[in-house]
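Okay, here's what each chain looks like letter by letter:
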Amino acid sequence: MASWLGGLGSGLGQSLGQVGGSLSSLTGHISSFTKDILLEGAEEVGDAATELHVSNSRLRETESINAALKLENERLKKLCSDLEEKHEAAELQIKQLSIEYRNQLQQKEVEISHLKARQNALQEQLQKVQTAAQSARLGAGVLPPATTSASYVPVVRHSSGFEGDVMDFGDVIWSQQEINRLSNEVSRLESEVDHWKQIALSSKVQGTNDAEQSEICKLQNVVKELKQNLSREIDEHQHELSVLQDAHRQKLVDISRRHREELSEYEERIEELENQLQQGGVNADAMNDSKISEQKKNAQSLEGEKVEELQVVKDLEDEIRKLNLKLSSAKEENKTLLKEQELAKVEKMLVTQEYEKLKSEFSMLQSSVAEQDPLLKEKEKNLQSKTSLPEDVVRLQQALLEAENKIARLSSLNQGRLEKELTSAQHKNENVPPVCTEDQNSELSQLRHDLEMKEHELNESIAERETLIAELEELDKQNQEATQHMITLKEQLSKQHTETDGLIKQLKFDIDVERKKVSELEIEKMEAIKELDIQKEKLSQCSYALNDLHISKQQLQENIKDIQEQLRKAQDFNLHHKKEIRELQQRLKEKEEELSSSRLTEKNNHESKYSCQDLILEEREVEIAELQNDISQNKQINEQLEKSLSDLRTENGKLIAAIEELKQELSDVISEKNKVYLEKDTVVEALKMEKRQLESELNQTEKRLLEQAYKYEQTIEELSNARSMDTTALQLEHERLVKLNQEKDFKIDELKRSVEQMEIDHQETKEMLTNSLGGQKQLTELIKEKEVFIEKFKNQALQVKQELEEHMKVSKRQDVLKQNLEEKDRSLAVMKEENNHLKEEIERLKDQQSRSTPVVEPKTLDIIIELESEVTQLKVIKNNLEEEIEVLKKTIKDQNQTTVQLQQSLQEQRKEIDESRFQCEQMNVTHERLSLEKDEEIKNLQKTIEQIKTQLHEERQIIQTDSSDLFQETKVQGLNRENGNEKHDLSKAEIKRLVKGIKEREMEIKLLNEKNVSLSQQIDQLSKDEVGKLTRIIQEKDLEIQALNARVSSTSYRQDVLCLQQQLQAYVIEREQVLAVLSEKTRENSQLKTEYRNIMDMVAAKEAALVRLQEENQKLSNRSENSSQDMSRETIQNLSRIIREKDIEIDALSQKCQTLLTVLQTSSTGTDNGSGGVNSNQFEELLQERDKLKQQVKKMEEWKQQVITTVQNMQHESAHLQEELQKLQAQISVESDSNSKLQVDYNGLIQSYEQNEKKLESFSQELAQVQHSIGQLHNTKDLLLSKLDLVTPSLATASPVSQLSGIQYNAPEILSDESKILQKELEQLKKKLQESDSTIRTLQENNQRLSDSVATASEIERKNQEGTESELRQIKEKHDILQKLLREKDILIKSKSDQLLSVSENLSNKENENEVLKQAVTNLKERNLILEMDIQRLKEENENIVAGCREKETEFRALQETNMQFSMMLKEKEFESHSMKEKALAFEKLLKEKEQGKTGELNQLLNEVRSMQEKAVTFQQERDQVMVALKQKQMESSAQQSEIQHLREKEQRLNQELERLRNHLLEMEDSYTREALAAEDREVKLRKKVLILEEKLVSSSTAVENASHQASLQVESLQEQLNLVTKQRDETVLQLTISQDQVKQYALSLANLQMVLEQFQQEEKAMYSAELEKHQKQATEWRKKAETLEERVASLQENLEDANAALDAASRLTEQLDIKEEQIEELKKEGEIRREMLEDVQNKLMNLMNSTEGKVDKVLMRNLFVGHFHTPKNKRPEVLRLMGSILGIKKEELDQLLSEDQRGVTRWVTGWLGGGAGSKSVPNTPLRPTHQNIFNSSFSELFVKFLETESRPSLPPPKLSVHDMTPLGAAGTGKTSSTPSNSQMQDSAVLGTSRRPDTNPFLAPRSAAVPLITPASSSGHLLMKPISDALPTFTPLPVSPDASAGAVLKDLLKQ
C-alpha cells in the first residue's frame, strides 16, 4: 500500500513537471513561429524553383508545429484525467489507512490485557520467592574478598560477550505489526473480489461493456469535432489563397512594366554617350597636329640654350664628385660596421636557441626589405629619367641593398642553424628520463626569463638598425632635393639669358649651401658611428649572456645526472624494503607456529589437571574426539573455500596488521601465563581458559545463527542436556565442540555465497568492458571517416593558398602601376609649369622685339622656333602619357573586378571554415563528455573495488587467522599488484588513444582547409560558366525577339499566339498535378516516419519496464536476505546483553546483602571507630527489599524463556522464507533469459530501421532531382511569358511584307521544337513519379512488416509478464499460508486471511494499471523531447540563413557604393582630360592671335573657356544627382521583387496545406474505421476472459470453504498445544531454581571474563586504528591519482579545443552516450549509498573508541574499595597492597604510605566517596537534585542513603499516541540500507514527508549519568512502563543519536 502511494506521489510530480514542460514548449513554438513570419520579409529568392523549395519547407514547418500543438493538447487532457484518477485513489487509500489505525488500537488494547495478566502472575511468583528468601535469610554467610572482584561488569559495552540463543523482543512487535498489515490487505482484497463479482454479474446481464461504449461515443464526438474544424480551416485557406493570387498577379504586371521602361531609358543613355565619345576623338586629333608643328620650333630654340647650361652643369658635377668621394669613404665605414653587425648577429642567434619568436620577427624584416627594394628601384629609375646627375647616389643605394640582402641571407642561415639545434635539443630532452621534469621545469623557467631579457636587448638593437636605415633614407631625400634644385637652375638659365653674371653668383651661393649640407651629412655619419659602437657593446653583453646560458646548461646536465643517481638509490631501497617484507612474513609464520605450540601446551596442562577426575571424563573425551574429527573435516573444507576467496581478494597492506595482531596475541598469552602462575586455584584457571574458548566460539556462531534453523534446534537440545549435567569443565568443552561444528558449517555456506557474488560482479565488469570497447571501436571508425574529409580539405587549402599568392602578386603590380601613375601626374604638372614659364618668356621677348632695333630680330626668331619645337615635343610626351593613363585605368578596373571576385570567394570559404569549426567544436564537446564519463566510470569502479576490499576485510576479521591465511595473503598481494598495474595500463592506453585522436583531428583540420580551396575554385569556375551561358541565352533570346518583331503584322502570328496560350494552360495544369502527387508522396513518407518513431518509442518503453522489473526483483531478494540475517544477529546480541545484565544485577543484589551484613557486624563490634550504628528496623526493611528483588529476578528469567521460544518460532519461519527466496531467484533467471531474447529481436529491428533510413535518403535525392526538373520547366514558362510580353508592345511597328514572308516559317518551327523538348521532359518526370510511387509502396510494406514484428514482440512480452504475474501470485498465496502457520495462537486469522487474497489481487491490478500509465507518460515525454529537438534545430538553421542573407546584403551594398565611387572618379578624370584639351586649344589660338597681333580676342576666348568650365561643373552635378536617383529606383525595385517572392511562397504554402488537410481527413477516416474494427475484436476477447474469470471465481470459492474448514481444525489443535505449553511453563519454573544455582557459578567466572574483555578491547583498538590508517592512505593515493588524471584531462581538453574537425555521425554516438549516462547515474547512486555505509561504519567506530576509553578498570576499583571496608582492620593493608600492585605502585612507596598515619587514607577515601556530588556507584543511579552533600558522615550511613535513593521508583510514563505506535517498525533492520521498511513507507505516504529518526521519542540519547525518570513531554511505549513499583530500575545504556528505530526496541529490552 505504501509503495503504491509513493508511486502515486511520484506520478503526480512527474505529471505536473510535464505540464510545465509542455507549456514552456508551447511558448517556444509560438515565439519561433513569430520569428519565422518576421524573417520572411528579409529573405530573397531568385527562381521559381527556389520559391517552390522555400514554400515547401515553410509548409512542412507549419504542419509539424500544428501537429505538435495537437499532440500536446491531447497529452494535457490525458494528464488531467490521470491526475483525477490518482486523486480518487489517494482518498480511498486514506480511508483504508484510518481503518488500519483503528485495528491497531484494538490490537494494542488486547496486548495491554495480556500484559496485565502476565504482571499478576509475576507478582504471585515474587511473593513465593520472598517467602523462600526469608527462610534462607538466617543461613546466608559472607563471601571472602576474593569473590568480590567478580561483582560488576562495565555497563557500556559494544563487544559481544556471552550470548544466549534468544530473539529480540522488537522482532515480536514487528511480527505483530506485519499481522495487522496483512490482515488489512486481506480485507481490501476481499472487497475487490466482491467488486469484480458484481462487475461479472452485470456484464452477464447487459451483454456489452458500458465503459467501452462510452469510450466509442467519446471518440466519435472527437472525430466529428475534428472534421468540423478541418472544413472551417479549408474554407479560410481557400479565401486567403484567392486574395493572395490576385495581389500577386497585379504586382507582377507592374514590375514587368517598370523593368521594360528602365531598360529602354538605359539603352538611349548608352547611345548618347557613344556618340559623344566619337565626336571628342575627331576634334582631339585635329588639334594635336597643329600643336606638334608649333612645339618643334620651340624645341629647336631650347636646344641652343641647353648647350650653354651644360657647361655650368659640368662645374657642379666636379663639386658633386668630391662629395661622392666623401660619401664613399663613409660607405666603407658603414660596410665595416655592417660586418661587425653580422658577427654580433651570429652571436645573438646562438643566444636564441630555445626561441622561435625571432623567426617571425626576421620574416617581418625580410618582408619590409622586400617592400623597400621595389620602391628604391622605382626611385632610381625616376631619377635617371629626370637627370643624369645623381648616378653616384644610385650606386650607393645599390650598395646598401646588397648589404641588406647579405643581412637577410645571414639571418636565414642563422634560422636554419637555430632549427637544427632546437630539434637536437628536443631529442636530448626526450631521452632524459621523466623523473627530472620538475627540476628541469624550474630551471627552464629561469632560462626563459633570461632569454626574454636578451630578446628585449635584441629588439633594441633592431630598432637602432631601423634608425640607421631611416637616416640613409634621409640622405636619399636630400639627393632628390639636390636634383630638384638642378631643375630649378635649368629654369633660371632659360629665364636669365641676359643676366648670366647674376646666375653665376647664385650658383656659387648654391654651392656653399651644398657644402654646408655635406658637413651636416658628415656630422650625421659621426653620430651613426657612435651608435654602432653602442651596438657593439650591447653585442658583447649578449655574448656574456650566452656564456652564462652555456654554464647553466652544463649545470642542468649535472643535475640530471644527480637525479638519475638518486633514482638508482631509490630502486635499491625498494629492493631492500621488499626483502624486509619477506623476512617479516617468515617471522609471522614462526610466531603463528609458536602460538599453536603454546596453545597445545596449555591444553596438555589442562588434560593433566583433569586426569584425576571421574571416569565420566573418559566417555566425554571419546565424544570430543569424534567432534574434533568433524571439526578437522570442516576445517579442510573451510581452507579450500578460503583459497578460492584469496584469488578474488584485492588488499595489499594486511601483512603489517597481521604482524601487529600476532604480537598482541603473544603479549596476551604471556600475560595470561603470568596470571595463571600468580593465581593458585587451578579450578578457577581451568574455568577461565574454557570460558575464553567458549566466548571466541560464541562470537563466531552469532553471525550465522539464522542461516540454518534446523541445526540450531539440535544444538539447543544438546545445550539443555549439557546444562542438566554437572557444572564441570567437561560440560563446557562439550558445548564448545558442538558450537564449533555449527560455526564451520555456517562459514562454508557464507563463503560459497560470497564466491557466487564475486563471480556475478566479475561478469558485470566484463560486460561493462565489452560495452566500452564497442563504443571505442565506433569512435575509431568515425575518426577514420573524418580523416578522409580532412585530407580533402587540406588539398583545398593548398589551392586557396596558391590563388592567394597569385592575387598578392597582382595587387603588388597594381601598386607599382599606381605609383607610376602618380609620378606621371607629377611630371605633367612640372611640364605645365615649364609651359607657363615659356609663355611668359615669349611675351617678354615680344615686348623686347617691339622695343629693340631691327638688328636683334633674327635672334628672337631663332629663340621662338626653338621654343615651338620644344612645345611640340612636350605635347607628344603629354599625349603618350595620357594614353598610358587610360591603359592603366583599364587595368585598375579589371583588377578591381578580380579583387571583388576574390573577396566573395574568400567570404564563402570563411563561411565554410566557420561551419567546419562549429562541427569541430561540437565533436570536441562530445569527446570531453566521453572522457569525463570514462573518468567517472573509472572512479566508480575504483570505489566498488574499495567496497569489495572492505567486505573482504570484514570477512577476514570473522575467520580465525590460521597458518594457511598467510600463504593466501601473499597470493592476494601479488594479484592486487597485477590488478593495479592492469588498471594503470588501461588508463595510460586511454590517454594515448585520446592523444592520437587529437593528432588525427589536427590532420582533419588541414584536410578541411584544402577542401575549402578546391570548393572555392569550383565555385569560381561554375560562376564563370554560368555567366557565359547566360550571355549566350540572352543573345539567342534577342535574335528570337527580332524575329518575332519582324513577323508581328502577319495574320498567322495571332493564331500561333492562341495555340501557345492553350499549350501553356495545359502545361500549367500538368505542373499542378505533378506538384500535388509530389506533396502526397512527401506526406506519406512523413507519416511512415512518425509511425516508425512511435513503434520505436513503444519498444524502448517496454525494455525500460523489463529492466525495472528485474531491478525490483533483485532488490526484493537482497532485502529479504539482509533483513533475515540482520534481524537474527541483532536479536541474539540483544538477548545476550539482557542475560548478562540480569546476571550482573543478581550479583549486585547479593553483594548489597553481604555489605549490609558486614555493616551491621562492624556497627555492633567496632563502635569505637566513631561510626554510628544501624537500627534493627532499617535492617529488616533492607532484607524485605532484597526478597522482593529476588522475586522480580525470577519473573524476569521466566520472561527470558518465553522470548527464547519466540526466537525458535522465528527461526522456523526464516528457513521457509529462504526456500521461497531461492525459488524467486530461479524465476528471475528465467526472466533475464527472456529479456536477452527480446534484446536480440530489438537489435534486428534497429538494423532494419537503418536500412529503411538509407532507402529514404535515396528517395529524398530522387525527389530533389524531380523538383529541379520542375524548376527548369518553370523557367521555360517564364521565358515564354516574357517573349509574349515583349511581342505585345511592338505590334504598332510594321515592316514591309516582303521581309515577313521570309521569316514566317522560322518562329513556329522554334516553338514546335521547344514544345517537343517540354513534352520529353514531362514524360521523364512522369517516369520518375512512377518510380517514386513504387518505392513508397515498398516502404509502406516494410513498415507494415515492422509493425507486425513489433506487435508479435509485444505479445511475447505480455505473455511473459502474465506468466511472471501468475508466479508472483502463487508465491504470495504461499506467503499467506506461511503467515497463518506463524500466527497460530491468534484467533483473528480466519477472517483476515480471506481479506488478504482480495487485497493482493487488487494490488496487482493497480500495479499493472500504474505500469501502463507510467509507460504512456514515458512515451509522451520522449515524443516531446524529439519534437523540441527538431524545433531547436530548425530555429538554428533559420537564424544561420538569416545571418547569411544579411551579410550578403551588406556586402552587396558596400560593393555598389565602391562601384559608384569608382565611376565618379572615372568621370571626374574624363572631365579633367576634356578641360585640359580645351585649355590647350585655347592656348594655341592665343599663340596664333599673338603672332597676328590680336590681343582682344584672347581675353574673349579666356572668358568663354571659364564659362564652359562652369557649365561643365553644373553638368557634372546634375549627372551625380541623376545617378543617385537611379540607385534609389534600383533599391525600390529589388524590395518589390522580394515582396513578390514572399507572396508566391505564401501562395504555395497555402495550396500545400489544403492538399495536406484533405489527405489527412481521408487518413483519419481510415484510421477510425480500423480502430472501430479493433474495438469490436477486443470486446469479443474481453467477454471470453470474463467467462474464464467466472469459472476461476467458482473454483476459488470452493477453495476458500476448504481453507475455512482446515482453519477450524487448526484452532482445535492450537488449543491442545496451549495446554501443553502451560505444562511446559510449570517445568520451566522448576528449571529456574536450577539455573539460579548456575548463575552463582557464572558470577565467579565473570571476574575471569573481565580480563579477557580488556584484552579484546585492546585488540579491537589496534585493529581499528590500523584499518583507519590504511583507509586514509588509500584515500590519499586515490586523491593523487584523481589530481593527475584531472591534469591529464585538462591538457587533453586544451588539445581537443585546438583540434577543429567536422564529424557528421555524432547523432549515433549521442544515443549510446545517453545509455552510458543512465548507467553512470545508477552507479553514482550506488556509490552514494556505499559512501553512506562507510560514514555510518566510521561513526560507529568513533563511538566505540569514545565509549571504550577509560571504562575498563572502574568495576575492579569499586570492588576493591568495598572489599577494603569489608575486611577487618588487621588485613586492610594487604588489600591496599593488592590495589597498589594493580595500579602499578612500587612496593617501597606502598610501604611508606602504609607506615604513615592511616588517617591520610581514610580521609582520602571519605573525601572521595562523600566529597563529590556525582559519586559513581555500581548501578549508576544518580543523586536527586534535593540531595545534599554530606562530608562528615560514616560509610554505613552513606551506603544506607544510597540504597534508599536506589529503591525509589521512577515516575510512570504518559500514555501512548497513535503516531508513536506506527513508527515502531520504522527502523527496519540495523543496517543502513537504502530500502525502507513497510511502516516507513506508510508514514511517508500518509504524512507526505519522510519522518526523521530524531522525531521518534524512543531515540532520545541518554548518557550513563541521566536518571531513569522519563520527561512529561515525551510519550513512552507500553513496554517502557514499569511492571510494578517494586521492580528494580535497570542500569541505562547509552544510545547513539544516529541509531535506527530497531535499536530503540533493543533499548527497551535492555531496560
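Residues numbered from 1 in each chain as written. Predicted model: local features only at pLDDT ≥ 70, side-chain atom pairs only at ≥ 80, totals over all residues. Heavy atoms only, no water.

## A short note on the overall build of the protein
So, point 1. A count of helices and strands for the protein gives 31 helices and 0 strands.
So, point 2. With 1951 residues in all, the protein has 35% of them scored as buried.
So, point 3. Contacts spanning at least 24 positions in sequence make up 92% of the contacts within the protein whose residues lie at least 6 apart. (Helix = DSSP H or I, 4+ residues; strand = E, 2+ residues; numbered from the N terminus. Buried < 20%, exposed > 50% of the residue type's maximum accessible area, 1.4 Å probe, protein only. Contact = heavy atoms within 4.5 Å.)

## Digging into a nonpolar patch on the surface
So, point 1. Together, L1030, I1033 and I1034 give the surface a local cluster of nonpolar side chains, amounting to about 270 Å² of exposed area.
So, point 2. Note that L1030 resides in helix α16 (residues 963-1046). (Patch = residues over 30% accessible without salt bridge, like charges linked within 9 Å, V, L, I, M, F, W, Y side chains within 5 Å. Areas by Shrake-Rupley, 256 points an atom, 1.4 Å probe, with all protein chains shown as cover. Salt bridge = Lys/Arg side-chain N within 4 Å of Asp/Glu carboxyl O.)

## A look at the packing of helix α12 (residues 682-702) against helix α22 (residues 1496-1698)
So, point 1. Running from amino to carboxyl end, α12 crosses α22 at an angle of 65 degrees, the nearest separation of the two axes being 9 Å. Classified by the angle between their axes, α12 and α22 sit roughly perpendicular to one another. Of the two elements, α12 crosses α22, and the hand of that crossing is right-handed. Contacts between α12 and α22 involve V684, K688, K691, R692 and E695 on the former and, on the latter, Y1642, S1645, N1648, L1649 and V1652. (Axes fitted to C-alpha atoms, helices over the stretch in contact; angles between N-to-C directions. Parallel < 35°, antiparallel > 145°, perpendicular 65-115°, else oblique. Left-handed = near helix turned anticlockwise from the far one by under 90°.)

## Re helix α23 (residues 1706-1748)
Because an α-helix packs 3.6 residues into every turn, residues spaced three or four apart end up facing the same way.
So, point 1. In this model α23 runs 61 Å from its N-terminal to its C-terminal C-alpha over 43 residues, within 8% of the 63 Å that 1.5 Å per residue would give.
So, point 2. Along α23, the residues that are buried comprise A1706, L1709, L1713, K1716, I1720, G1727, L1741, L1744, S1747 and T1748. (Expected span 1.5 Å × (residues − 1).)

## Considering the pattern of salt bridges
So, point 1. For the coordinates displayed, the defined rule picks out 28 salt bridges.
So, point 2. For the salt bridge of E111 with K108, the shortest nitrogen-to-oxygen distance reads 3.5 Å. Of this pair, E111 and K108 both sit in helix α2 (residues 48-137), 3 residues apart, which is roughly one turn of that helix.
So, point 3. On the accessibility criterion, E111 (18% relative accessible area) is buried.
So, point 4. We note a salt bridge from E522 to K326, for which the minimum N-O separation is 3.8 Å. Highlighted residues: E522 in helix α9 (residues 500-610) and K326 in helix α5 (residues 210-351), separated in sequence by 196 residues.
So, point 5. What makes E522 partly exposed here is its relative accessible area of 34%.

## Examining the nonpolar core
So, point 1. Ranked by size, the top nonpolar core spans 12 residues in total: L52, Y1067, V1074, L1078, L1263, V1266, I1270, L1273, L1318, L1322, L1325 and L1329.
So, point 2. Contributing elements (two or more residues each) for this core: α17 (1051-1165), α18 (1176-1287) and α20 (1306-1382).
So, point 3. Beyond its immediate stretch of four places on either side in the chain, L1322 contacts Y1067, E1070 and L1273.
So, point 4. L230, L244, L1543 and L1554 belong to the second largest nonpolar core, which has 9 residues in total. (Core = buried A, V, L, I, M, F, W, Y, C linked by side-chain atoms within 4.5 Å.)

## Some words on the packing of aromatic side chains
So, point 1. Here the structure, examined in full by the defined rule, presents 1 aromatic pair.
So, point 2. With centroids separated by 3.8 Å and ring planes inclined at 10 degrees, the aromatic side chains of Y1092 and Y1249 adopt a geometry described as stacked. In this pair, Y1092 sits in helix α17 while Y1249 sits in helix α18, placing the two residues 157 residues apart along the sequence.
So, point 3. In this structure Y1092 comes out as buried when scored by relative accessible area, which is 5%.
So, point 4. One Lys or Arg, K839, reaches over the ring of F1483 and ends 2.6 Å from the middle of that ring. (Phe/Tyr/Trp six-rings, centres within 6.5 Å; stacked < 30°, edge-to-face > 60°. Lys NZ or Arg CZ within 6 Å of the ring centre and 35° of its normal.)

## Examining a positive patch on the surface
So, point 1. Among the surface-exposed residues, R1358, R1578, K1581, K1584 and K1585 lie close enough to one another that they form a single positively charged patch.
So, point 2. At 4 residues, α22 tops the list of elements feeding residues into the positive patch.
So, point 3. Locating K1585 in the fold gives a position in helix α22. (Lys, Arg positive; Asp, Glu negative; His and termini not counted. Charge placed at Lys NZ, Arg CZ, Asp CG, Glu CD.)

## A few points about the environment of L1318
So, point 1. Note that L1318 resides in helix α20.
So, point 2. Sequence-wise, L1318 and Y1067 are 251 residues apart; in three dimensions their C-alpha atoms are separated by 8.9 Å.
So, point 3. Once residues lying within four places of it in the same chain are set aside, the contact partners of L1318 are Y1067, L1273 and T1276.

## Looking at α12
So, point 1. The first and last C-alpha atoms of α12 sit 30 Å apart over 21 residues, in line with the 30 Å expected at 1.5 Å per residue.
So, point 2. In terms of burial, α12 is a largely internal element, 15 of the 21 residues being buried.

## Focus on the packing of helix α24 (residues 1754-1766) against helix α25 (residues 1772-1783)
When two helices pack together, their arrangement is given by the angle between their axes and by how far apart the axes lie.
So, point 1. For the pair α24 and α25, the least separation of the axes is 9 Å and the interaxial angle reads 165 degrees. One finds that α24 runs roughly antiparallel with respect to α25. The handedness of the crossing between α24 and α25 comes out as left-handed. In contact with M1757, L1760, F1761, H1764 and F1765 of α24, α25 contributes R1772, V1775, L1776, M1779, I1782 and L1783.
So, point 2. By residue class, the composition of the contact of α24 with α25 is 9 nonpolar, 1 polar and 1 charged. (Nonpolar A, V, L, I, M, F, W, Y, C, P; charged D, E, K, R; others polar.)

## Things to note about the confidence of the model for the protein
So, point 1. Per-residue confidence for the protein gives a mean pLDDT of 77; residues scoring 70 or more make up 78%.
So, point 2. Low confidence marks residues 1170-1174, where pLDDT is under 50. Its contacts with residues over four positions away, or in another chain, come to 9 contacts. (pLDDT = per-residue confidence, 0-100.)

## Here's the deal with the environment of S175
So, point 1. Relative to the helices and strands, S175 resides in helix α4 (residues 169-206).
So, point 2. Residues S175 and L1382, spaced 1207 residues apart in sequence, show a C-alpha to C-alpha distance of 9.3 Å.

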